[in-house]
Amino acid sequence: MITLKNFTVKAGEKIILKNINYAFEKNKVYCLMGPNGSGKSTFAYAISGHPGYELDEKSKIYFEKQDITDLSSDKRAKKGIFLSFQTPLSLNGVNVFQLLRLALSGTKDPLKIKKEIEIFAKKLNIKKELIERSLNDGASGGEKKKLEMLQAAIINPKFLILDEVDTGVDVDALRSIGRFLDEFKKEKTIVLITHYSRILKYINPDKVLVIIDGKIQKEGTKELVKEIEDKGYGKTS
Ligand SMILES: Nc1ncnc2c1ncn2[C@@H]1O[C@H](COP(=O)(O)OP(=O)(O)OP(=O)(O)O)[C@@H](O)[C@H]1O
Ligand SMILES: [Mg+2]
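In this text the structure is predicted, and so the values were computed from the model without any measurement. (Residues numbered from 1 in each chain as written. Chains lettered and ligands numbered in written order. Predicted model: local features only at pLDDT ≥ 70, side-chain atom pairs only at ≥ 80, totals over all residues.)

1. Quick notes on the site of ligand 1
What counts, and what does not: To decide whether a residue is near a molecule or strand, its C-beta atom is placed from the backbone and checked for lying within 6 Å of it. A helix here means a DSSP run of H or I that spans at least four residues, while a strand means a run of E at least two residues long, and both kinds are numbered starting from the N terminus. Residue polarity follows a fixed list, in which Ala, Val, Leu, Ile, Met, Phe, Trp, Tyr, Cys and Pro are nonpolar, Asp, Glu, Lys and Arg are charged, and the others, Gly among them, are polar.
Taken together, 14 residues sit near ligand 1, with Ala-11, Asn-36, Lys-40, Ser-41 and Thr-42 positioned nearest. Elements supplying a minimum of two residues to the shell around ligand 1: strand S2 (14–24) and helix H1 (40–48). Here the shell around ligand 1 gets three residues from one element, more than from any other, and that element is H1. Here the shell around ligand 1 is built from residues that sort into two nonpolar, 10 polar and two charged.

Dropping the structure here:
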């Protein structure tokens, strides 16, 4: 699905990710963990093509075997790469329907978008009033995360990186998001960036990866998450 070769990423003058080689497979759920500042969000931004992050000249990103290293973020999005932000942005004067209609122009009928917004908002327990407002305008932290999931549901991407979608959400919102993702994961690759095991009650990861100091230092199963929660990053074997 997505293969990273010699993936080295700089932000400003600082090298953040160091020579990562990894292949994400189709139909799998990955859990990506690591200490604060280890490079998880940078990893997400660099894969989605954020212009603020510079790749080293030897770095390559392949999507379904096609080299996408030089593609812009919107072209990557059109191919099916979706990033849910750790801190979702607000858009003044544009509601979620207007944004999705623009993003999906020519690929999905606006009436279908409207209908799907209704269906998924119900599944995710998002209030109608929130959907009609400018995107994320005054929305609470948890509401923003649910709105990110709503956009993912309607865009229906092939590869999703969800950056701390479980942070700042209450137990009911966590359950809605977790159950939604578990249903939604078919035929997709999902990378869940998280600090905690609690979302894994609803969606089971096939692999757990740990980034420390800009490198994937550990790979394991769900047990590794428990070990990290018990012992921290310094003492996992
Ligand atoms: N544009 C930038 N310029 C300089 N340094 C940056 C930039 N973006 C990120 N960094 C630094 O890179 C490191 C990794 O940041 P990143 O946001 O990827 O961490 P993270 O693993 O997502 O952490 P957290 O768990 O706190 O979300 C941090 O030390 C951060 O300050
Ligand atoms: Mg982060």
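The rest of the description comes next.
2. Thoughts on the sheet that holds strand S8 (residues 159–163)
Under the convention used in this document: By definition, two strands form a pair when at least two bridges between them are found by DSSP. Throughout, an axis means a line fitted to C-alpha atoms (over the contacting stretch in the case of helices), and angles, computed between N-to-C directions, take values from 0 to 180 degrees. Any residue pair is listed as a contact if its two C-beta atoms, each placed from the backbone, are within 7 Å.
Strand order in the open sheet formed by six strands is S7-S8-S9-S3-S10-S11, with mixed pairing between adjacent strands. Edge positions in the open sheet fall to strand S7 (81–84) and strand S11 (215–220), since each of these has one partner strand only. Strand after strand, the sheet turns through a mean of 20° between neighbouring axes, direction not considered. The strands touched by H1 within the sheet are strand S3 (29–33), S7, S8, strand S9 (189–193) and strand S10 (207–212), with S8 carrying the most contacts at an inclination of about 150°.

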